[in-house]
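# Close look at the chain arrangement
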Amino acid sequence: MAIRGIGVQTKEAIDDACPSEGFRLLKAAGFSHVDFSLNKYMINKDIYQMKNSHFFDKSITELKEYFRPHKEAAAKYGIAIGQMHMPYPAYVPQGKAELNDYLWNEMAPKSMQLCHDLECPYIVIHGFKLAYFLGSEDAEWEETERFIHYLAPMAKEMGITICIENLYDSINGHLVEGPCCNVDKVVTRIDRINERYGAEVLGFCFDTGHANLVGIDFEYFLTRLGHRLKVLHIHDNDGIMDLHQIPFTFATTRENKSSTDWEGFINGLRAIKYGGVLNFETAPVLTSFPDEMKADALAFIAQIGKYFAGKIAE
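Per-chain numbering applies: the sequence of each chain, read as written, is numbered from 1 onward. At least 70 in pLDDT is required for a residue's local features to be given in this predicted model, at least 80 for side-chain atom pairs to be given and counted, and no such filter applies to totals for whole chains, interfaces and linings, which use all residues. Only heavy atoms go into the side-chain values, all of them from the structure, while hydrogens and water stay out.

### Remarks on the overall build of the protein
The line we're drawing: To qualify as a helix, a DSSP run of H or I must reach at least 4 residues; to qualify as a strand, a run of E must reach at least 2; elements of each kind are numbered from the N terminus. Each radius of gyration reported is based on C-alpha atoms, and the globular scaling rule is 2.2 Å times the count of residues to the power 0.38. Between buried and exposed lies partly exposed: a residue is buried under 20% and exposed over 50% of the maximum accessible area for its type, with that area taken using a 1.4 Å probe on protein chains only. Throughout, a residue-residue contact means that at least one pair of heavy atoms, one from each residue, lies within 4.5 Å. For accessible areas, the Shrake-Rupley method is used with a probe of radius 1.4 Å. Any residue's cover is judged against the shown protein chains and nothing else.
Helix and strand counts for the protein stand at 12 helices and 10 strands. Here the C-alpha radius of gyration of the protein, 19 Å, is about what a compact globule of 314 residues would show, namely 20 Å. Expressed as lengths along the three principal axes of its C-alpha atoms, the size of the protein is roughly 50 × 45 × 40 Å. Within the protein, the proportion of its 314 residues that are buried is 54%. Once local pairs closer than 6 in sequence are excluded, the contacts in the protein between residues at least 24 apart make up 77%. For the protein, the exposed surface amounts to about 13900 Å²; the carbon and sulfur share of it is 50%.

### What about the environment of E98?
Here E98 is to be found in helix α4 (residues 97-117). When the C-alpha atoms of E98 and M50 are compared, they prove to be 9.6 Å apart, with 48 residues separating the residues in sequence.

### Digging into helix α10 (residues 262-271)
It helps to recall that an α-helix has 3.6 residues per turn; residues three or four apart then point in one direction. Burial runs high along α10: seven of the 10 residues are buried. Of all the residues in α10, the buried ones are W262, G264, F265, I266, N267, G268 and L269. One or two residues past the end of α10 sits K273, with phi positive at roughly 55°.

### Considerations on the packing of aromatic side chains
Just so we agree on the cut-off: Centres within 6.5 Å make a pair out of two Phe, Tyr or Trp rings, where for Trp the six-membered ring is used; the pair is then stacked when the planes are under 30 degrees apart, edge-to-face when over 60, and tilted otherwise. Two limits define a charge over a ring: the Lys NZ or Arg CZ must be within 6 Å of the ring centre, and within 35 degrees of the ring normal.
Under the criterion given, the structure shown has 26 aromatic pairs. Relative to F218, the ring of F206 lies with its centre 5.3 Å away and its plane at 85°, an arrangement referred to as edge-to-face. Remark: F218 occurs in helix α9 (residues 218-225) and F206 occurs in strand β8 (residues 202-207); sequence separation between them is 12 residues. Per residue, the accessibility class of F206 equals that of F218, and both read buried. Counting every residue linked through ring pairs, the aromatic cluster contains F36, Y41, F55, F56, Y66 and F67. Over the ring of Y66 we find K58; its NZ or CZ atom is 5.5 Å from the centre of that ring. When the ring centre of Y168 is taken as reference, the NZ or CZ atom of K129 above it lies at 4.9 Å.

### A few points about a nonpolar patch on the surface
Operational definition: By definition, no residue in a patch forms a salt bridge, and every one has over 30% relative accessible area; like charges are joined within 9 Å, nonpolar side chains (Val, Leu, Ile, Met, Phe, Trp, Tyr) within 5 Å. Salt bridges are counted wherever a side-chain nitrogen of Lys or Arg sits within 4 Å of a carboxyl oxygen of Asp or Glu.
Residues Y132, F133 and L134 make up a contiguous nonpolar surface patch of about 330 Å² in total accessible area. Checked against the element boundaries, F133 lands in helix α5 (residues 131-134). According to the relative accessible area criterion, F133 is partly exposed, its value standing at 42%.

### Topic: the nonpolar core
The condition is simple: What we call a nonpolar core is a set of buried Ala, Val, Leu, Ile, Met, Phe, Trp, Tyr and Cys residues that are connected through their side-chain atoms within 4.5 Å.
Counting residues in hydrophobic clusters, the biggest one holds 96 residues, and the most contacted among them are F206, F265, L278 and F308. With nine residues, α4 is the single largest residue contributor to this core. Not counting chain neighbours up to four residues away, the residues in contact with F265 comprise F206, T208, F218, L222, L232, I234 and F308. Counting five residues, the second-largest nonpolar core is a separate cluster that includes Y122, V124, C163 and C205.

Spatial relationships are all this shows, so hold off on functional conclusions.
Encoded structure:
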């Protein structure tokens, strides 16, 4: 099965003041799809600090009008909005009730409605990082599943698949596995929830950077996921920090052995005949390079996507 296309985040690539120019740039660079970064309108660091951008105070009519130029620009340049990232977290442990209520009752349902309006088939959410507070991963998952059941009827009605992703957590300064790092549990949970709703309301987003940080076996994880894998977050790091950089950027030895298991990534996708989009979550790259090199940086990322696609097809 052939790869459907190459995608990248809209964050740092699309300026709300002139979306058309950003989509033109992405098309010229070689991208066919985008990951719509709805999460830039409520930033995770702000949410954890109990700050509310109040972006979702707007009515759904106002929000649709706000993003109408983006939708039109994407159509103009033939770029599909292939996936979306909902703002996260949707729940702050020990956070203010007012903010947590806003995340559930305003941000989340309006995100789903925007996803539908932009004709986007997948929306990525983060599981709740609660194991440290609740004492177990199973108890943590129960809270995430409660959120999924809240969204699932909307997802079924709108024809959207919610995608959970593998995360890391930080406990006393040490990185540890976060939600959705046990692929056997992931598979069981996805199948059970989809069977309950009689539709693919839940799928998976594999994040290469998060997987690298906690030592996940890429090939095994992807092979085990199989058809449940719907979207990707492709990016690289040094194995220490979540840097969201270009693949093949980091090495672990003087002999340039890559920090990230890209061979396992390719093998896993090949094994399951992945036919989705190769989507890069590399927005920080566009601010680390000089602005004059943005087009070149984007073209290079797209070229890596084409390389991956070729290797997967072998």
